[in-house]
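Descriptive analysis of the structure
Here are the chains, one letter per residue:
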Amino acid sequence: MLNRRNFLTAAVGVAAAGTLAACAKEDGGPSDSSSGGSKAITLGFAQVGSESGWRTANTDSVKSAAKEAGIKLQFSDAQQKPENQISAIRSFIAQKVDVIAFSPVVVKGWDAVLNEAKRANIPVVLTDRSVESDESLFVTLVGSDFTDEGRRAAKILEKVLEKAGHKGKVKIAQLEGTTGAAPAIERAKGFKEVMDAEHKDDWEIVASQTGDFTRAGGKQVMAAFLQSNPDIDVLFAHNDDMGLGAIQAIEAAGKKPGKDILIVTVDGVKDGFIAMSEGKINAIVECNPLLGPQLMEVVKKVQAGETVERWIKTKESDFMQDQAKDALPTRKY
Ligand code: GYE
């Protein structure tokens, strides 16, 4: 995963990728324009799946931005299985696409296939999620700072608790994202960082399990949490969809989401905002899925051999319940 320590390696990585892109052109690969006219760039994109509202918005953004930028898109949906992404990347290499972009399901297990892309002189751009890999194997990451999102969730929970007039101990249940995925690891880490530094005596995570970023997962795991820990005060869900599933489980258990159990989620998709405007979610930490336009810009630069920043971060906001109704009409996803 990326951090400041890696910036030096980053510069080297970018330089190498620039050379890669240049080599690809000299090879007379698909981007060769020597036969006259400039050929469209072909981008192979290996998506995680369609597990959440965030993902649907992200896919739409990538597809429409490619169209707008005149980039030929080869799109593959991995259905949340890393092995499907690996096959998709191998097929992009076989097709000799110009650039590969992908949003890795989990952080580990990419070195072999990324080395194959490197040997084929095809630069790789990460989007949304990061990897724990040799950093020379990808050019850049276009996406959010998930550790910061975890910190922001803890900070906004302080406000939520204050607003609800909650005093004393806070029993927290956490619905984690996909096990081994960057947003699950880093959101948990950022939240715990603030908790350990500022709430050692009053906050406690009494239950924490993955709901795989899906609504069905959130519902099922929350139902189990309520059985084993009927006195949960707070739910921190790593995405809106799991929070929305959990709301169903909370209501089925005869409790009021947003009142009996205070809820903080991450993403800020429309359904999340609707639940918040109905008083069922107390706060949302935004994670912007509209990465398509930035990604296409980067792809063009990489293809042209230009230097790009090592981590192109997304700008985001936080929302409390009383902002939901006003914000809802202008939400773009
Ligand atoms: O929060 C979740 C999606 O990787 C940031 O994946 C993304 C996460 C997002 O399934 O809803």
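What counts, and where the lines are drawn
- Residues numbered from 1 in each chain as written.
- Predicted model: local features only at pLDDT ≥ 70, side-chain atom pairs only at ≥ 80, totals over all residues.
- Heavy atoms only, no water.
- UniProt positions renumbered as here; feature names shortened; annotations may be inferred.
- Axes fitted to C-alpha atoms, helices over the stretch in contact; angles between N-to-C directions.
- Helix = DSSP H or I, 4+ residues; strand = E, 2+ residues; numbered from the N terminus.
- Parallel < 35°, antiparallel > 145°, perpendicular 65-115°, else oblique.
- Left-handed = near helix turned anticlockwise from the far one by under 90°.
- Contact = heavy atoms within 4.5 Å.
- Nonpolar A, V, L, I, M, F, W, Y, C, P; charged D, E, K, R; others polar.
- Near = heavy atom within 4 Å.
- Polar contact = N/O pair within 3.5 Å; in protein donor to acceptor, adjacent residues only side chain to side chain.
- Areas by Shrake-Rupley, 256 points an atom, 1.4 Å probe, with all protein chains shown as cover.
- 1 Å grid on protein atoms, 1.4 Å probe; cavity = no way out; pocket = protein on both sides within 12 Å on 5 of 7 lines; lining within 4 Å.
- Sits in = over half its atoms within 2 Å of the grid points.
- Buried < 20%, exposed > 50% of the residue type's maximum accessible area, 1.4 Å probe, protein only.
- Pairing = 2+ DSSP bridges.
- Right-handed = clockwise from strand over helix to strand, strands pointing away.
- Expected span 1.5 Å × (residues − 1).
- Salt bridge = Lys/Arg side-chain N within 4 Å of Asp/Glu carboxyl O.

If you open the UniProt record of the chain and go to Sequence similarities (unreviewed entry), you find "Belongs to the bacterial solute-binding protein 2 family."

Some words on the packing of helix 7 (residues 215-228) against helix 8 (residues 240-252)
As a packed pair, helix 7 and helix 8 sit with axes 7 Å apart at the nearest point and diverge in direction by 45°. Taken together, the axis directions place helix 7 and helix 8 in an arrangement best described as oblique. Considering how the two elements wind past one another, helix 7 and helix 8 form a crossing that is right-handed. Across from Arg215, Gly218, Lys219, Met222, Ala223 and Leu226 in helix 7, the residues of helix 8 making contact are Asp241, Met242, Leu244, Gly245, Ala246, Gln248, Ala249 and Ile250. Counted by class, the contact of helix 7 with helix 8 contains eight nonpolar, three polar and three charged residues.

A closer look at the site of the ligand
Taken together, 13 residues surround the ligand, and among them Glu51, Asp128, Arg129, Asn239 and Asp267 come closest. Within the side chain of serine 52, a nitrogen or oxygen atom sits 3.0 Å from an oxygen atom of the ligand. Against a free-state accessible area of 300 Å², the protein chains account for coverage of 100% of the ligand. According to the grid-proximity analysis, the pocket containing the ligand is the largest cavity.

Let's talk about the pairing of strand 3 (residues 99-102)
On strand 3, burial covers both faces: Val99 and Ala101 on one face and Ile100 and Phe102 on the other are all buried. For strand 1 (residues 42-47) and strand 3, the ladder comprises four bridges, and the chain directions are parallel. Bridge assignment links phenylalanine 45 to a residue of strand 3, and that residue is alanine 101. Bridge count for strand 3 against strand 4 (residues 124-127) is three bridges, and the pairing is parallel. Directly across from phenylalanine 102, in strand 4, lies its bridge partner leucine 126. Read as a crossover between parallel neighbours, the route from strand 3 over helix 4 (residues 111-119) to strand 4 is right-handed.

Some thoughts on helix 5 (residues 146-164)
For helix 5, with 19 residues, the first-to-last C-alpha span of 26 Å sits near the 27 Å given by 1.5 Å per residue. By the burial criterion, the buried members of helix 5 are Phe146, Thr147, Glu149, Gly150, Arg152, Ala153, Ala154, Ile156, Leu157, Val160 and Leu161. For helix 5, the N-terminal capping position is held by aspartate 145, with its side-chain oxygen 3.3 Å away from the main-chain nitrogen of threonine 147. Trailing helix 5 by a residue or two, glycine 165 shows a phi angle of about 70°, which is positive.

Description of the packing of helix 8 against helix 9 (residues 270-277)
Two quantities define a packed helix pair, namely the angle between the axes and the distance from one axis to the other. Relative to each other, helix 8 and helix 9 sit at 45°, their axes nearing to 9 Å. As summarised for this structure, helix 8 and helix 9 are arranged oblique, according to the angle between their axes. Both helix 8 and helix 9 take part in a crossing whose hand is left-handed. Each of Asp240, Leu244 and Ile247 in helix 8 lies in contact with helix 9, whose residues at this interface are Asp271, Gly272 and Ala275.

Topic: the pattern of salt bridges
Going through the model one piece at a time under the given rule, you end up with 22 salt bridges. Notably, a salt bridge pairs glutamate 51 with arginine 129, separated by 3.7 Å at the nearest N-O pair. Of the two residues, glutamate 51 is situated in the loop between strand 1 and helix 2 (53-69) and arginine 129 in the loop between strand 4 and strand 5 (140-143); the sequence distance between them amounts to 78 residues. Like arginine 129, glutamate 51 is buried. For the salt bridge of aspartate 145 with lysine 313, the shortest nitrogen-to-oxygen distance reads 3.5 Å. Note that aspartate 145 is positioned in the loop between strand 5 and helix 5 and lysine 313 in strand 11 (residues 311-313), a separation of 168 residues in sequence. Given a relative accessible area of 40%, lysine 313 falls into the partly exposed group. Bridged by salt links that share partners, the residues Glu51, Arg55, Asp128 and Arg129 form one connected network.

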